[in-house]
Amino acid sequence: ADEFIRLFKKNHYPVLKKEKDLGRILKITASSPKYHTTEEGRWDYRVTIVWKNVGVTNDDFDAQPLIRQLFPDQETFKREEQRRFEILAGHWDVPVADVDLEK
């Protein structure tokens, strides 16, 4: 978990922050469980991205120019990103919708 979050903060978070600067993302947060759970329900980190709108999540935005700008040493970047995904036990992209509890 420590290696994952270190690599995430070094290589992926800066790209997300650039997308936030561009107005594509409104908010980026991360959390970890305060207490332990059962092994089958275990997770270490949750990153929540609030996008500007649903269209932004499916457009043809190419992050590669940002990545090349942020990480001139592309060999190291690619190696570390590969490692970040190698150490994942599980990974989910889950779109969520707010529920209006007042309706």
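Not measured: the values here are computed from a predicted model.

Here's the deal with the nonpolar core
Membership of the largest hydrophobic core is limited to six residues, which are Phe-4, Ile-5, Phe-8, Leu-16, Ile-25 and Ile-28. In terms of residues, this core owes the most to one element, helix 1 (residues 2-21), which gives four residues. Not counting residues within four places of it along the chain, the set of residues in contact with Leu-16 comprises Phe-8, Ile-25, Ile-28 and Ile-49. Judged by nonpolar contacts, the second largest core, of five residues, contains Val-15, Ala-63, Phe-71 and Phe-77.

With respect to helix 4 (residues 74-86)
Taking 1.5 Å as the rise per residue, helix 4 with 13 residues should run 18 Å; its terminal C-alpha atoms sit 18 Å apart, in good agreement. Regarding helix 4, the residues found buried are Gln-74, Thr-76, Phe-77, Glu-80, Glu-81 and Arg-84. For helix 4, the angular spread of buried residues about the axis comes to 160°, placing them on one side. Facing away from the buried side of helix 4 by more than 90 degrees, the exposed set consists of Glu-75, Lys-78, Arg-79 and Gln-82. Taken together, the buried residues of helix 4 touch helix 1 and helix 3 (64-70).

Section: the pattern of salt bridges
Summed over the entire model, instances satisfying the criterion amount to eight salt bridges. For Arg-83, the salt bridge goes to Glu-3, with nearest N and O atoms at 2.9 Å. A residue pair is termed long-range when its members are at least 10 positions apart, and Arg-83 in helix 4 and Glu-3 in helix 1 qualify at 80 residues. A cluster of three or more residues bridged by salt bridges with shared partners is formed by Glu-3, Arg-83 and Glu-86.

What counts, and at which threshold
Residues numbered from 1 in each chain as written. Predicted model: local features only at pLDDT ≥ 70, side-chain atom pairs only at ≥ 80, totals over all residues. Heavy atoms only, no water. Core = buried A, V, L, I, M, F, W, Y, C linked by side-chain atoms within 4.5 Å. Buried < 20%, exposed > 50% of the residue type's maximum accessible area, 1.4 Å probe, protein only. Helix = DSSP H or I, 4+ residues; strand = E, 2+ residues; numbered from the N terminus. Contact = heavy atoms within 4.5 Å. Expected span 1.5 Å × (residues − 1). Arc of directions from axis to C-beta. Salt bridge = Lys/Arg side-chain N within 4 Å of Asp/Glu carboxyl O.

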